[in-house]
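Remarks on the overall topology
Residues per chain are reported as follows:
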Amino acid sequence: MLSLLLAFAAPIATVNVVRNGDHWTADYELAAKAPVWVFTKSVLPRVSQRSWRLETVRVLTPGVALARLGNYDALVSARGPLPHKVRLAFTPYFHDVEAGNDPAIHFSGGSVALYADGFRLAPMPSAAVASAADKDESKLPAINQPTRTIFIDRAGPVLAHGQRAARASLDDGDGYVLFGKLRPTIGPAITTIFDPALPAWIGDYLNREMPLILADYSARLGPSPVGQPTLMVSWAGPTKGMASLGGSVLPGLVTMTLEGEGLAKPNGKAALYARWFVAHEAAHFWLGQAIEYEGPADSWITEGGAELLAFRATAAGDKAYDIKARLAEARTECLPFLAHGGISGAYARDGDFRAYYACGVIIALAAEQASGGNFGDFVKTLIARNPDHVVTRAEWLALLDERAPARGMGAAVSDLLDHAQPNPAAALDAFIAKVGASGQIASTS
């Protein structure tokens, strides 16, 4: 049977991830000697803010323990370096994590998608060094050496990057691997992997709306950089008193996790929210994948920009959508973050990551105003000028000042990025007025 291998730099570790019925194991072979190995993807659940691995992973190798060290979950040796081989048993974790990709996605009928990079490790010289490590995973030692992750399902082939294989071996694990019989449906504009129990109206709505959003972005931002994307949607059932929608974006893939009786039947509010959600995530194909930021401190470039693109796309699809009121909500949400510190440092402050969305969209308004009301043209220019696919803060601000010379917009943005604001409302309203966006936001007085 087919074996799929996607290889990049030499791996620092190899892991076989195996499902055998209801049992899941991860068998590591470590290519370096170190007393501590951290899981590079260790963001916490949005609700509990406690390590999900400590609740769902068991270490089966004697002399090795699982611990939370600073910002990272870690495998820690009782003495000396970790053994060359380490075995774990785990239960897939299906809940939402903050500012990251869910570790696993569950589908009706038993299919499961695992986030491949969730198994990636990096060696550390000591527990003290691991405990002090920056939240920015790009600063971890040996981060450019991937973990080779091999996925095997004893029941049959797995699906990785659109291909079925008896074993899928990935060195770049920024994607999901699907276990089970669920199959993708290839349409004219998007490929879908829908939960068999997904309410029909949601599937129909997404099949209709996402191609329209992609076509709109292609017209304004340039051809899609990912080819035909895939939309993966899970359904946790009509849980009473709930209407929950989450998810994320990965190269060429948008994931959505839905739950609640509020989504079981068609309703305008849920449809509008779903349209905004896929519009935001699809915007990342351009602003996040065609170009990306240098590090998490610059997340406002992609998250704030994707918010503005999604707000505009949602308004274009529904004339009743009050975009000025939505921007006013973002302004209000931004205020407490400004009191805590500069927007750039929000990733390092617990609970402040939403600053990149709420404050970021207000910053994006400055670029829109400087571009004559056409934020899409601003993004398109960034893509054209950065063939290395990375846009720095300096490059973004330089284009802003080029579009609006002598208006001091770049300096005004930098002030919000770098400094806490003792009077956040006054500071943000002064910024909005300075960039000429006051008419874009509903009055909150």
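Look up: the structure comes first, before these words.
First, a word on what this report is: a plain description of the structure on this page. None of these values were measured; they are calculated from a predicted model.

Scoring rules and cut-offs
- Residues numbered from 1 in each chain as written.
- Predicted model: local features only at pLDDT ≥ 70, side-chain atom pairs only at ≥ 80, totals over all residues.
- Heavy atoms only, no water.
- Helix = DSSP H or I, 4+ residues; strand = E, 2+ residues; numbered from the N terminus.
- Rg over C-alpha atoms; globule rule 2.2 N^0.38 Å.
- Buried < 20%, exposed > 50% of the residue type's maximum accessible area, 1.4 Å probe, protein only.
- Contact = heavy atoms within 4.5 Å.
- Areas by Shrake-Rupley, 256 points an atom, 1.4 Å probe, with all protein chains shown as cover.
- Axes fitted to C-alpha atoms, helices over the stretch in contact; angles between N-to-C directions.
- Parallel < 35°, antiparallel > 145°, perpendicular 65-115°, else oblique.
- Left-handed = near helix turned anticlockwise from the far one by under 90°.
- Nonpolar A, V, L, I, M, F, W, Y, C, P; charged D, E, K, R; others polar.
- Expected span 1.5 Å × (residues − 1).
- Phe/Tyr/Trp six-rings, centres within 6.5 Å; stacked < 30°, edge-to-face > 60°.
- Salt bridge = Lys/Arg side-chain N within 4 Å of Asp/Glu carboxyl O.
- Polar contact = N/O pair within 3.5 Å; in protein donor to acceptor, adjacent residues only side chain to side chain.

1. Here's the deal with the overall build of the protein chain
A tally of regular secondary structure across the protein chain gives 11 helices and 21 strands. A globule of 445 residues ought to have a C-alpha radius of gyration of about 22 Å, and the protein chain, at 22 Å, matches this closely. Oriented by its inertia axes, the alpha-carbon framework of the protein chain measures out at about 65 × 50 × 45 Å. Sorting the 445 residues of the protein chain into buried and exposed places 53% on the buried side. Expressed as a percentage of contacts within the protein chain between residues at least 6 apart in sequence, the contacts between residues at least 24 apart total 67%. For the protein chain, the exposed area adds up to about 18,600 Å²; of that, 55% sits on carbon and sulfur atoms.

2. Remarks on the packing of helix α3 (residues 200-221) against helix α5 (residues 299-317)
Their axes nearest at 11 Å, the elements α3 and α5 cross at an angle of 120°. In terms of their interaxial angle, α3 and α5 are classed as oblique. Between α3 and α5 lies a crossing whose hand is right-handed. Touching Asp216, Tyr217, Arg220 and Leu221 of α3 are Leu309, Ala310 and Ala313, all from α5. Taken together, the residues that form the contact of α3 with α5 break down as five nonpolar, no polar and two charged.

3. Some words on α5
Over its 19 residues, α5 runs 27 Å from end to end, which matches the ideal 27 Å to within 8%, given 1.5 Å per residue. Counting buried positions over the 19 residues of α5 gives 16, a clear majority of the element.

4. Structural notes on the packing of aromatic side chains
One pass over the full model with this rule turns up 16 aromatic pairs. Ring geometry for Tyr115 against Tyr176: centres 5.5 Å apart, planes inclined by 45°, an arrangement best described as tilted. In this pair, Tyr115 sits in strand β10 (residues 112-115) while Tyr176 sits in strand β16 (residues 176-179), placing the two residues 61 residues apart along the sequence. A residue is classified by how much of its surface remains accessible, and Tyr115, at 3% relative accessible area, is buried. Taken together, the aromatic side chains of Trp24, Phe90, Phe119, Phe151 and Phe179 make up a single cluster linked through ring pairs.

5. Let's talk about the pattern of salt bridges
Applying the stated criterion across every chain yields a total of 21 salt bridges. We note a salt bridge from Asp73 to Arg53, for which the minimum N-O separation is 2.9 Å. With a gap of 20 residues between them, Asp73 in strand β7 (residues 72-77) and Arg53 in helix α1 (residues 53-56) connect regions that are remote in the sequence. Given the relative accessible area of 2%, Arg53 is considered buried. With a shortest N-O distance of 3.5 Å, Arg326 and Glu329 are connected by a salt bridge. In this pair, Arg326 and Glu329 are both assigned in helix α6 (residues 323-340), three residues apart and thus about one turn of the helix distant. Since its relative accessible area comes to 18%, Arg326 is described here as buried. One continuous salt-bridge network, built from bridges that share partners, spans Arg53, Arg68 and Asp73.

6. Here's the deal with unusual backbone geometry
A positive phi is found at Ala99, a non-glycine position, where the angle reads about 55°. Within the secondary structure layout, Ala99 lies in the loop between β8 (85-90) and β9 (104-106). A relative accessible area of 36% places Ala99 in the partly exposed class. The residue Ala406 is not glycine, and still its phi comes out positive at about 65°. Along the chain, Ala406 turns up in the loop between α9 (393-403) and α10 (409-418).

7. Notes on the side chain of Glu209
Relative to the helices and strands, Glu209 is located in helix α3. At 3.5 Å, the side chain of Glu209 and the side chain of Arg208 are in polar contact.

8. Describing the packing of α6 against helix α11 (residues 424-434)
The geometry of a pair of packed helices is captured by two quantities: the angle between their axes and the separation between those axes. Following both chains from N to C, one finds α6 and α11 inclined at 120°, their axes separated by 9 Å at the closest point. In this view, α6 runs oblique relative to α11, as classed from their interaxial angle. Crossing of α6 over α11 shows right-handed handedness. The residues of α11 that touch α6, namely those facing Arg331, Cys334, Leu335, Leu338 and Ala339, are Pro424, Ala425, Leu428, Asp429 and Ile432. Of the residues contributing to the contact of α6 with α11, the split by class is eight nonpolar, no polar and two charged.

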